[in-house]
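One-letter residues, chain by chain:
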Amino acid sequence: RSSDTGRGIPATEREHIFEAFYQLDATTAGGIHSGLGLGLSIVRLLVQLMNGSVSLSARPGGGTIFTVLVPFVAAPTDTGIGLAKPITAADLNRKDTENRRGRIVLIVEDEAINRLYIQRILKEQGMKSTGVGDGEAAVTTAGNAEFDLILMDLGLPKLSGLEATRAIRQSETASGKKRTPIAALTANAYPQDKEECTKVGMDDFISKPFDEKAFWRVVDRLLRPKGDPSGGVSGDPLVSSSADFTVSPSDDQD
């Protein structure tokens, strides 16, 4: 069960709230729309796949309560089956693992939980990161510090990910600064989205939801070898890496 203390959902909207791409009227939602309207439809699909149900109770002005019911059967204790193990360095190419250590990544993502998730998996590989939650902060931060890689969401406040990337590339050209690889990190996975990313100077595309192996395939391709002063990026650009993943104002830093 999950509850909030927000504006609540009017009774007339509740039968539609689990529909894909459905969003409340801007006046009902406080004048701001964030996201694509897919979250609840994905939740319902996942719950239904587990033979469960999801429901809501809400009162305008008083918040919303979502309840998920999923039937589970207790696992036998003598099967030897345990919890899934997290990905470790042994599961990954050791050369790539060594190349990650000490690298610094700028994470541009307006959803705090997504930023924190990405920061965690980077930290597990010995990498450092700075997180910001809007396009203007991305341009400023990228201009004031050196990064080995930028992960850029597209749907950002203030400046979109495309606008921020264009501004970063223009700044690099004007200042003669080393070109930093930029990967789009977004749920927008249509061909026209990838084409737009290419036009503004992005180097690859990680579509959400993603799993960690898909994530690392792109990251490892974009990280230049240690000691290499060039801005070279190996392989074909903008190969979408999508699987099963699904992390200001923010100055998250790790």
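Preceding this paragraph is the structure being described.
Residues numbered from 1 in each chain as written. Predicted model: local features only at pLDDT ≥ 70, side-chain atom pairs only at ≥ 80, totals over all residues. Heavy atoms only, no water.

**Q** Give a detailed account of the environment of K199, specifying residues and quantitative values.
**A** With respect to the helices, strands and loops of the structure, K199 is situated in helix α6 (residues 191-200). Each C-alpha atom of the pair K199 and R166 lies 8.8 Å from the other, and the pair is 33 residues apart in sequence. (Helix = DSSP H or I, 4+ residues; strand = E, 2+ residues; numbered from the N terminus.)

**Q** So what's going on with a nonpolar patch on the surface? Residues and values would help.
**A** Together, I42, L45, L46, L49, M50 and F72 give the surface a local cluster of nonpolar side chains, amounting to about 660 Å² of exposed area. Considering the arrangement of structural elements, one finds L45 in helix α1 (residues 39-49). Judged by relative accessible area, L45 falls into the partly exposed class, the value being 49%. (Patch = residues over 30% accessible without salt bridge, like charges linked within 9 Å, V, L, I, M, F, W, Y side chains within 5 Å. Areas by Shrake-Rupley, 256 points an atom, 1.4 Å probe, with all protein chains shown as cover. Salt bridge = Lys/Arg side-chain N within 4 Å of Asp/Glu carboxyl O. Buried < 20%, exposed > 50% of the residue type's maximum accessible area, 1.4 Å probe, protein only.)

**Q** Describe the pairing of strand β2 (residues 53-58), and please don't skip the residues or the numbers.
**A** Residues V54, L56 and A58 of β2 are buried on one face, while the alternating residues S53, S55 and S57, pointing to the opposite face, are not. Pairing between β2 and strand β3 (residues 64-69): six bridges, direction antiparallel. Bridge pairing in β3 places V54 opposite V68. (Pairing = 2+ DSSP bridges.)

**Q** Let's hear about the sheet that holds strand β4 (residues 104-108): which residues, and what values?
**A** Pairing in this open sheet of five strands is parallel, and the strands run β5-β4-β6-β7-β8 from one edge to the other. If you trace the sheet from one side to the other, it starts and ends with β5 (128-132) and β8 (204-207), each paired once. The sheet shows a mean angle of 20° between the axes of neighbouring strands, direction not considered. Examined bridge by bridge, strand β6 (residues 149-152) and strand β7 (residues 182-186) share three bridges and lie parallel to one another. Looking across to β7, one finds that I150 is bridged to I182. Across the sheet, helix α7 (residues 212-222) touches β6, β7 and β8, and the angle it forms with β8 is around 165°. (Axes fitted to C-alpha atoms, helices over the stretch in contact; angles between N-to-C directions. Contact = heavy atoms within 4.5 Å.)

**Q** Help me get a handle on unusual backbone geometry, residues and values and all.
**A** In this structure, N51 is a non-glycine residue whose phi angle is positive, near 60°. Structurally, N51 can be placed in the loop between α1 and β2. Given the relative accessible area of 67%, N51 is considered exposed. Despite not being glycine, K158 has its phi angle at roughly 70°, a positive value. Within the secondary structure layout, K158 lies in the loop between β6 and α5 (161-175). Here K158 falls in the exposed class, since its relative accessible area comes to 63%.

**Q** How would you sum up the pairing of β5? Please name residues and give values.
**A** With respect to burial, β5 is a largely interior element, four of its five residues being buried. Direction of pairing for β4 relative to β5: parallel, over a ladder of five bridges. Counterpart to I107 in the pairing with β5 is G131. Handedness of the crossover joining β4 and β5 through helix α3 (residues 112-124) is recorded here as right-handed. (Right-handed = clockwise from strand over helix to strand, strands pointing away.)

Taken by themselves, the reported measurements are silent on function.
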